[in-house]
Amino acid sequence: MSQTEIALNQSRKEPPATLGLTAENLYEKCMALARNLWWTWQPEVINLFRDLDPIRWRQLDHNPIALLSEFTPERLEMRAAELVLHSRINHAFRRLKEYLSETPLWGRTRSGVLGSKPVAYFSLEFGVHESVPIYSGGLGVLSGDHIKSASALGVPLVAVGLFYDQGYFKQHLDINGWQQEEYINIKVENLPMEPARGPDGKPITVEIQTRTGRLLAKVWLMRVGRVNLYLLDCDVPGNSPEDRELTARLYGGDNRTRIRQELVAGVGGVRALRALGIYPGVYHLNEGHSAFATLEATRMVMKDDGKTFDEALREVARHTVFTTHTPVPAGHDRFDRNLVEEHLGPLRDELGISLEQFMGLGRVEPQNEHEPFCMTVLALKLSRHANAVSNLHGYTSRRMWSHLWPWRVEEEVPIGHITNGVHIESWLAWQMQQLFDRYFPVGWMSRMGEPEVWQAVHNIDPGELWETHYSLKNLLLAFVRRRVSRQCRRRSESDEAVEAARNILDPNTLTIGFGRRFATYKRADLILTDLERLARLVNDPQRPIQLVFAGKAHPADEPGKHLIKRIASLRHDPRFAGRVAFIEDYDINVCRHLVQGVDVWLNTPRRPLEASGTSGQKAVLNGVLHLSVLDGWWAEAYDGSNGFAIGRGTHHSDPQVTDARDAADLYRVLEQEVIPLYYDRDIDGLPRAWIKRMMNSISSLAWRFSAQRMVADYVQHAYLPAAGGTSCDMNFR
Ligand SMILES: *Cc1c(COP(=O)(O)O)cnc(C)c1O
């Protein structure tokens, strides 16, 4: 980028992030810390909150606002005096203020051109922290990690989504292992949100006309470091009782609920930004769910600049970036024409096009009356910059959507890829971070995207690395025992069962973790293919293994629930009792414990259906070795010495053949590679070769699969070209 392009235009229309940081006393300072989700990746601040009341902290899902609301300012002062917290609170508060007022160099020089016109990042879920449950799984956590890293790099970006006051469901299993879903109303006053205000200082409400009525949504502001996250919420007085529930649940309801939610997020989201005085230079659609945003943006360009529909559409497409996240058909929303006309009809009138023309925007064959309206197709047509989320997923996506460009050969289908990454500060264990601090170059946390920084991991004393891992493993086991015994109590099981749960698993046994959504393609049961063989491995007297599972099935996914039942029921099989655990209610907190504490992270998707996967990236940061099918990110990450591979990176057209081959290879790798390597100890009891592999894994993978690298790639290959309205340069595959 040339100097002239670096427009250091700081006239952003958003409220400054430092607003409200005028705290006088200790209580206000703690509240100010709690009200910016920056604290969620600051171990120092997390420890501070925990120290205030460790038991309530855990019971309240690590929600500092809920915790502080149980204190009066006087009691907090007393508690702080007791624990000598004053200087820690003052220090944390000062650091937050500094963080919010500095503009990181990287963002200033690399994305300055975006300055006055930020990226508007749309996603239907955001997983920032377990205390803000408006996410379901990987997509949401990725959005959360994206905005955290955008904040770190200083990329001018605002995020837009929906606020679900019941969030996603809480999972419990009944006595038979069958999943029960419970929805709990979130207390809004306990969340770090406030009404978003327009330039006139008034709270904002957006309005959307449909053919059958009018939808209203209020707008919340949540602060995630330097990034503002705006969440639309239909629970407002002017809506019908039914519409007030529209945004109550994530992925709840039928297709009609779905299109209405997507209308609010997309069209409502763009209107909210306008009401806030924010004029985006780039629209980033994180998944097709929010693609209606492009049509509202088109309407605005027509109205503001007097352009024709075609001109305006092209203009918007030049500024739009679209990321597709799954090759699984159910992941792509499709709506019939009645639903589309009912909800988009009034907008279509303003665009001045016919219903057939409109439907054509969401069809592969525009004239095909039988084809429904697909949000992914709309997003692909309305973006000049489309990308998949791993190299392999790029190939899969180009093949999957090649019929949209029938005149092109597959390699020329304009879908590139930017591989996902994770926000290191959020997923790296604090103990591990402290170890790295002692061996890594000073200031390494601000240079995490650089490979050289991570080479220092090879200087760490192997014994120390192993000890750190071992202590994290013990923390995990304590967590598992606590949760599993609580699960037993909740099901009113016998005292013996509860007591047994308090003693399950053994810290010296090779521990394999599996935590993810129980979608069938993820094949949680692949390792159960040959139960006899698994039982032999689990009960090996010298070299046993044990397994910890966690994950939710979508409420409508019966096969997924059967998988859970099968795994949860293993505890009744004497061969597996005390050796296999299922932790209910998988969320960011459970995931964090698992990826920091197991020895091996198991990933067994049916290739090529795992677009990227990110939980394995969280695990490798912590020295946990990845054992995975060569799918998603692992297909480009595995180098033979930084983890373990299942299969050879091929798949059969018959899924049954693929499954059988993968299962056989999984057992082979376990028996011949993983288990021998883990139990091969020197005279100090250290598994030298294993530790070496942990180091290889960290040094070769952490920087590459970090969200910093990912966001930097988006800036360079997608945001800057889109801001300039130039064509895509993302096809660098
Ligand atoms: C990281 C994460 C995921 C994504 O895991 P995959 O590897 O993509 O399956 C899902 N759920 C939670 C709670 C996570 O933290």
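These numbers come from a predicted model, not from an experiment.

1. Thoughts on the overall build of the protein
Counting its secondary structure elements, the protein contains 29 helices and 20 strands. For the protein, the C-alpha radius of gyration of 25 Å lies close to 27 Å, the compact-globule estimate for 733 residues. Over its C-alpha atoms, taken along the principal directions, the protein stretches across nearly 80 × 65 × 55 Å. Looking at the 733 residues of the protein, the share that counts as buried comes to 61%. Across the protein, contacts joining residues at least 24 apart in sequence account for 74% of those joining residues at least 6 apart. Carbon and sulfur atoms make up 50% of the accessible area of the protein, which amounts to about 27800 Å² in all.

2. Topic: the site of the ligand
As a matter of local geometry, the ligand sits amid 14 residues, with K522, C591, T614, S615 and K618 nearest to it. In this structure, an oxygen atom belonging to the ligand sits 3.5 Å away from a side-chain N or O atom of R516. At 2.5 Å from an oxygen atom of the ligand is found a side-chain nitrogen or oxygen belonging to S615. Coverage of the ligand by the protein amounts to 95% of the 390 Å² it exposes when considered alone.

3. Quick notes on the nonpolar core
Counting residues in hydrophobic clusters, the biggest one holds 142 residues, and the most contacted among them are I147 and Y719. The leading source of residues in this core is helix α29 (residues 707-723), at 9 residues. Membership of the second largest hydrophobic core comes to 95 residues, among which are V422, L477, V480 and L537.

4. Some remarks on the packing of aromatic side chains
The final tally for this structure, using the stated rule, is 29 aromatic pairs. Here the aromatic rings of F358 and F373 are separated by 5.7 Å at their centres, their planes lie at 20°, and the arrangement is stacked. Note that F358 is positioned in helix α14 (residues 355-360) and F373 in strand β12 (residues 373-374), a separation of 15 residues in sequence. Judged by relative accessible area, which is 1%, F358 ranks as buried. Ring centres of Y678 and Y679 lie 5.0 Å apart, and the angle between their planes is 85°; this geometry places the pair in the edge-to-face category. One aromatic cluster is present, formed by W466, F644, Y678, Y679 and W690 through successive ring pairs. The lysine or arginine in question, R75, covers the ring of F71, its NZ or CZ lying 4.1 Å from the ring centre. Here R681 stacks its cationic end above the ring of Y678, 4.8 Å away from the centre of that ring.

5. Some points on the domain arrangement of the protein
Annotation of the protein at the domain level lists domain 1 (3-101), domain 2 (105-417) and domain 3 (428-704). For domain 2 versus domain 3, the separation of C-alpha centres amounts to 33 Å. Across the boundary between the two partners, domain 2 contributes 33 residues, which contact 39 residues of domain 3. Both faces considered, domain 2 and domain 3 share a buried interface measuring about 2900 Å² in area, 57% of it formed by carbon and sulfur atoms. It is Q171, L173 and W178 that lose the most area in domain 2 upon contact with domain 3, and together they represent 22% of the buried surface on that side. On inspection of domain 2 and its partner domain 3, the count reaches 4 salt bridges. Between E181 and K561 there is a salt bridge, with its nearest N and O atoms 2.9 Å apart. In this structure, the connection of domain 2 to domain 3 is made through 15 residue pairs in polar contact (both at pLDDT 80 or more). Broken down by secondary-structure element, the contributors of at least two residues to the side of domain 2 that touches domain 3 are α8 (138-153), β3 (170-173), β4 (179-182) and α16 (391-400). Partitioning the side of domain 2 that touches domain 3 into residue classes produces 15 nonpolar, 13 polar and 5 charged.

6. Notes on unusual backbone geometry
With an omega of 5°, the peptide bond between R607 and P608 qualifies as cis. Following the sequence through the fold, P608 ends up in the loop between β18 (600-603) and α25 (615-621). Phi at Y251 takes a positive value of approximately 55°, unusual for a residue other than glycine. For Y251, the location among the structural elements is in the loop between α9 (241-244) and α10 (255-275). Even without being a glycine, D585 presents a positive backbone phi close to 60°. Its place among the elements puts D585 in the loop between β17 (580-583) and α24 (588-597).

7. Describing the sheet that holds β17
Pairing within the open sheet is parallel, and its 6 strands lie in the order β17-β16-β15-β18-β19-β20. Each end of this open sheet is capped by a strand with a single partner; those strands are β17 and β20 (644-646). Direction aside, neighbouring strands of the sheet carry axes that sit 20° apart on average. Pairing geometry for strand β16 (residues 545-550) and β17, over 4 bridges, is parallel. Looking across to β17, one finds that L547 is bridged to V580. Each of β15 (510-515), β16, β17 and β18 touches α24; the most contacted strand, β16, lies at about 160° to it.

8. Brief notes about the side chain of E342
Tracing the backbone through its elements, the reader meets E342 in helix α13 (residues 337-351). In terms of polar contacts, E342 uses its side chain to reach the side chain of R256, at 2.5 Å. When sequence neighbours within four positions are dropped, the list of residues in contact with E342 reads T210, R211, T212, R256 and R260.

9. Structural notes on the environment of R483
For R483, the location among the structural elements is in helix α20 (residues 462-490). Taking the C-alpha atoms as reference points, R483 and P118, separated by 365 residues in sequence, lie 43 Å from one another. Once you skip the residues sitting within four places of it in the chain, R483 turns out to touch I583, E584, D585, N589 and V590.

10. Looking at the pairing of strand β13 (residues 385-388)
Residues of β13 alternate between two faces, with H385 and N387 on one and A386 and A388 on the opposite face, all of them buried. Both strand β10 (residues 320-323) and β13 contribute to a ladder of 3 bridges, which runs parallel. If you follow V321 over to β13, its bridge partner there is H385. Examined bridge by bridge, β13 and strand β14 (residues 415-417) share 3 bridges and lie parallel to one another. Counted as the bridge partner of A386 is I415 from β14.

11. Overview of a positive patch on the surface
Together, R50, R58, R482, R486 and R489 make up a positively charged patch on the protein surface. Examining the composition of the positive patch, we find that 3 residues originate from one element, α20, more than from any other. Mapped onto the fold, R58 is located in helix α3 (residues 54-59).

12. Things to note about the pattern of salt bridges
This model, assessed by the stated rule, comprises 49 salt bridges. With a shortest N-O distance of 3.4 Å, E315 and K307 are connected by a salt bridge. Between R491 and E493 there is a salt bridge, and its shortest N-O distance comes to 2.8 Å. Neither residue differs from the other here; R491 and E493 are each classed as buried. Overlapping salt bridges bring together D61, K170, K552 and D585 as one network.

Reading the values: rules and limits
Residues numbered from 1 in each chain as written. Predicted model: local features only at pLDDT ≥ 70, side-chain atom pairs only at ≥ 80, totals over all residues. Heavy atoms only, no water. Helix = DSSP H or I, 4+ residues; strand = E, 2+ residues; numbered from the N terminus. Rg over C-alpha atoms; globule rule 2.2 N^0.38 Å. Buried < 20%, exposed > 50% of the residue type's maximum accessible area, 1.4 Å probe, protein only. Contact = heavy atoms within 4.5 Å. Areas by Shrake-Rupley, 256 points an atom, 1.4 Å probe, with all protein chains shown as cover. Near = heavy atom within 4 Å. Polar contact = N/O pair within 3.5 Å; in protein donor to acceptor, adjacent residues only side chain to side chain. Core = buried A, V, L, I, M, F, W, Y, C linked by side-chain atoms within 4.5 Å. Phe/Tyr/Trp six-rings, centres within 6.5 Å; stacked < 30°, edge-to-face > 60°. Lys NZ or Arg CZ within 6 Å of the ring centre and 35° of its normal. Domains from an automatic or database assignment. Buried area = accessible area lost by both parts, 1.4 Å probe. Salt bridge = Lys/Arg side-chain N within 4 Å of Asp/Glu carboxyl O. Nonpolar A, V, L, I, M, F, W, Y, C, P; charged D, E, K, R; others polar. Pairing = 2+ DSSP bridges. Axes fitted to C-alpha atoms, helices over the stretch in contact; angles between N-to-C directions. Patch = residues over 30% accessible without salt bridge, like charges linked within 9 Å, V, L, I, M, F, W, Y side chains within 5 Å. Lys, Arg positive; Asp, Glu negative; His and termini not counted. Charge placed at Lys NZ, Arg CZ, Asp CG, Glu CD.

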